[in-house]
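# Geometric and topological summary
Now for the letters of each chain:
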Amino acid sequence: MSEKSKSRGCFGWFIALIVLAAVILAVVYMVKSKMNKSDDDEAGPVPGPPGAIDKKYADALKLALQFFDIQKSGKLVNNTIPWRGDSGLKDGSEANLDLSKGLYDAGDHIKFGFPMAFTATVLSWSILEYADQMDAVNLLDPAKESLKWTTDYFIKAHPSDNVLYIQVGDPELDHPCWERPETMKGKRPVIKIDADTPGTEVAAETAAAMASASLVFKDSDPQYSATLLKHARQLFEFADSKRGLYSVNVPEVQKFYNSTGYGDELLWAASWLYHATEEKTYLDYVSKHGNEFARFGNPTWFSWDDKLAGTQVLLSRLLFFKKDLSGSKALASYRGTAKAVMCGLLPKSPTATTSRSNSGLVLVSDWNPLQQSVSAAFLASLFSDYMLTSRIHKISCNGKIFKATELRDFAKSQADYILGKNPMGMSFVVGYGDKYPEYIHHRGASIPADATTGCLDGFKYFNSTKPNPNIAYGALVGGPYLNETFSDSRENVRQNEPTTYNNALLVGLLSSLVTTSSALQSLK
C-alpha cells in the first residue's frame, strides 16, 4: 500500500473516533440532563399564583387574625368580639397625647412598645410576602386593618423627632389586679425615651415597623404611607445617633422585655428602610455594620428580642431577586448565615439543632416555648419560597444536599404540631380543633362580660375551676415543654399566656401555607 493510501486510512479512523466520542458525549449529556430534570421535578415546581386552598390552614389563619381584635385598646370600630368594648380611652392624657389605640401585648393591660413594634413589623412582612394568599381567603383586609390600628398608635407615640413613648401602663400597678380592660380604673402612666434617655432597640424596632408598614399601604393609601416612612426615617436617625440600651435607661422594663442588645434592631430597621426606599445609604449601613452586629456564621433564633435571623433572611431576598446586587460580599455574608439558620432547622442536616422534642417540635425556651417554633417555621417557609421562585431547588448543608421543599415540609410540621398533630392531641390555638386550652392566662377572657369587678375581686374568676367564659379565638398560647407536657391552668403564665407577637408570626406562617405561594420579586 502506498504512503498516500495509509495516510487516508489513518485519517478515516481518526474521523470515526471523533464521531464516536461525540456520540458518547451526547448520550452522557442527555442522561445527565434527564437526571437533573428529574431532580428538579422532584424538588417541586416553581410556585405560581395561589392555587387550591388548604382549609386547615385557612381556618386557623382566620382565627389567628381574630386575636388582634381581642387585644385592641381604644374606641373600637366595627367590633366583632361580643365580650370586648372600649378601653384605655384616656391613655396618654398625662402627656397630652392620644395613645388610646394600640394592642395589649398579652393577658394583661400593658401596652409595651417594644414587642408591639415587633408585632407590627412581622405582620407587615407577612402581608407584603403573602398578600395574594391572604386575599384568596378574604383575610387581607382584616390583616391590614389590625396593622393600621397599631401604626396609628405609633404615629401618635412619636410626637417629635427624638421623642418616642414606649409604654402605657405600669405592670407594678396592673399585675396585682385581675379585671377586664373595659372596667380598669387604675393609673395609666406613660414612659418615653428621648435624647437624654435614649432607647436604641425600641426606637429602631418602631422604625422597622413603620418602614415595613409604609410598603403595605403604599398603593392603597399613599399619603398614610408617606407619613409612616417619614416617622421611620426620623426614628432610625434617633436610634442610631443617640445610642443607648433601652432596658438599662428604662429599668422598669427589665423584668418584662429586657433587651440583650441593639445591634440587631439597627440592622433590621436599616434593612426595612432600604426595602421601603431603595436608597443606597441604608444598604451601605447594613454592609458597614455587618461585622459589628450581624454575628455572621452564627445562627440565632428569631424573636421579639433578637432580629438577626429575620434580618439575614430579609436581606437574602435581595440576592435572590436583584441581580445587580449579586456581587455584594456583605449581602453574601447575610445570605450565608441565613442558609446556616435553614440548615439548623432541617431535621436530617449535619448541623440540625438538637433543641427539638421527640416529635420534632423546635423548642428553645421554657418560657413561651412556641415563639421559636413558629418563628423558625415562618422563616423556613419564606426562604423556601425565595429559593423556588428563583428556580434554586437545592441547599447544601455541610456537603449534604436538601431540597427547597424540605424547608417547607419542616414549616408544615411545626404548624401541624401547633394545630393538634402532637402526642397531647391538643391544638395550641384557642378555638381550633376539638381540644384546645380553656383556662388561658387572660383577664378579659376569664371574666364574664357582664361582671362588675374592681381590682381585687376579679380574682375569684382567676381562681375559678370553670373554663374561661369567653373564648379568645385565635390566641396562640406559650405551648408545651421539651418533654411534651402542657398544663392548661390560668396560673401557668409560662405555657398558657398568649401574646400578640406569637400571633403575628403565626399569621405569617399560616399565610405561607394556606395555598401554593411564591415570592414577590420586589416588596416595593
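Because the structure is a prediction, the values reported are computed rather than measured. (Residues numbered from 1 in each chain as written. Predicted model: local features only at pLDDT ≥ 70, side-chain atom pairs only at ≥ 80, totals over all residues. Heavy atoms only, no water.)

For the rest of this paragraph, the subject is the sheet that holds strand 1 (residues 111-112). Strand order in the open sheet formed by three strands is 1-2-3, and the pairing between neighbours is antiparallel. Strands at the two margins of the open sheet, each flanked by one partner only, are strand 1 and strand 3 (190-193). Judged from the four bridges that link them, strand 2 (residues 164-168) and strand 3 form a sheet pairing that is antiparallel. Along strand 3, the bridge assignment pairs Tyr-165 with Lys-192. Most of the contacts of helix 6 (residues 200-216) go to strand 2, to which it runs at about 100°, and overall it touches strand 2 and strand 3. (Pairing = 2+ DSSP bridges. Helix = DSSP H or I, 4+ residues; strand = E, 2+ residues; numbered from the N terminus. Contact = heavy atoms within 4.5 Å. Axes fitted to C-alpha atoms, helices over the stretch in contact; angles between N-to-C directions.)

This next bit is on the UniProt feature "domain: Glycoside hydrolase family" (unreviewed entry) in the protein. The feature "domain: Glycoside hydrolase family" (unreviewed entry), as given by UniProt, occupies residues 57-510 in the numbering adopted here. Its end C-alpha atoms 6 Å apart, residues 57-510 is made of 48% helix and 4% strand. (UniProt positions renumbered as here; feature names shortened; annotations may be inferred.)

Going through the model one piece at a time under the given rule, you end up with two disulfides. The side chain of Cys-177 participates in a disulfide bridge whose partner is Cys-455; the two sulfur atoms lie 2.0 Å from each other. In this structure the cystine formed by Cys-177 and Cys-455 twists about its S-S bond by roughly -90°; its chirality is therefore left-handed. Taken together, the residues Cys-177 in the loop between helix 5 (171-174) and strand 3 and Cys-455 in the loop between helix 16 (443-446) and helix 17 (459-462) connect sequence positions 278 residues apart. (Disulfide = S-S within 2.5 Å.)

A separate point is the nonpolar core. Judged by nonpolar contacts, the single largest core of 156 residues is most densely connected at Trp-125 and Trp-272. When residues no more than four places from it in sequence are discounted, the contact partners of Trp-272 are Thr-121, Trp-125, Leu-128, Ala-208, Ala-211, Ser-212, Leu-215, Leu-314 and Leu-523. (Core = buried A, V, L, I, M, F, W, Y, C linked by side-chain atoms within 4.5 Å. Buried < 20%, exposed > 50% of the residue type's maximum accessible area, 1.4 Å probe, protein only.)

The buried fraction of strand 2 is high, at five of five residues. Pairing geometry for strand 1 and strand 2, over two bridges, is antiparallel. Bridge pairing in strand 2 links Phe-112 to Gln-167.

Residues other than glycine seldom take positive phi values, yet Asn-78 does so here, at roughly 50°. Along the polypeptide, Asn-78 turns up in the loop between helix 2 (55-70) and strand 1.

Turning to empty space enclosed by the protein, a few remarks are in order. If you walk through the whole model with that rule in mind, you get two cavities of 30 Å³ or more. Volume-wise, the largest cavity comes out at about 80 Å³. Residue lining of the largest cavity: Tyr-274, His-275, Glu-278, Arg-317, Leu-318, Phe-321, Lys-322, Gln-521, Ser-522, Leu-523 and Lys-524, and that is the complete set. Taken together, the elements giving at least two residues each to the lining of the largest cavity come down to helix 9 (263-277) and helix 12 (308-321). Roughly 60 Å³ of internal volume is contained in the second largest cavity. Looking at the second largest cavity, the residues that line it are Ile-70, Gln-71, Arg-84, Tyr-104, Ala-106, Gly-107, Asp-108, His-109, Pro-181, His-442, Arg-443 and Gly-444. When its residues are assigned to classes, the lining of the second largest cavity shows four nonpolar, five polar and three charged. (1 Å grid on protein atoms, 1.4 Å probe; cavity = no way out; pocket = protein on both sides within 12 Å on 5 of 7 lines; lining within 4 Å. Points joined across faces, edges and corners; volume = space filled by probe spheres on them. Nonpolar A, V, L, I, M, F, W, Y, C, P; charged D, E, K, R; others polar.)

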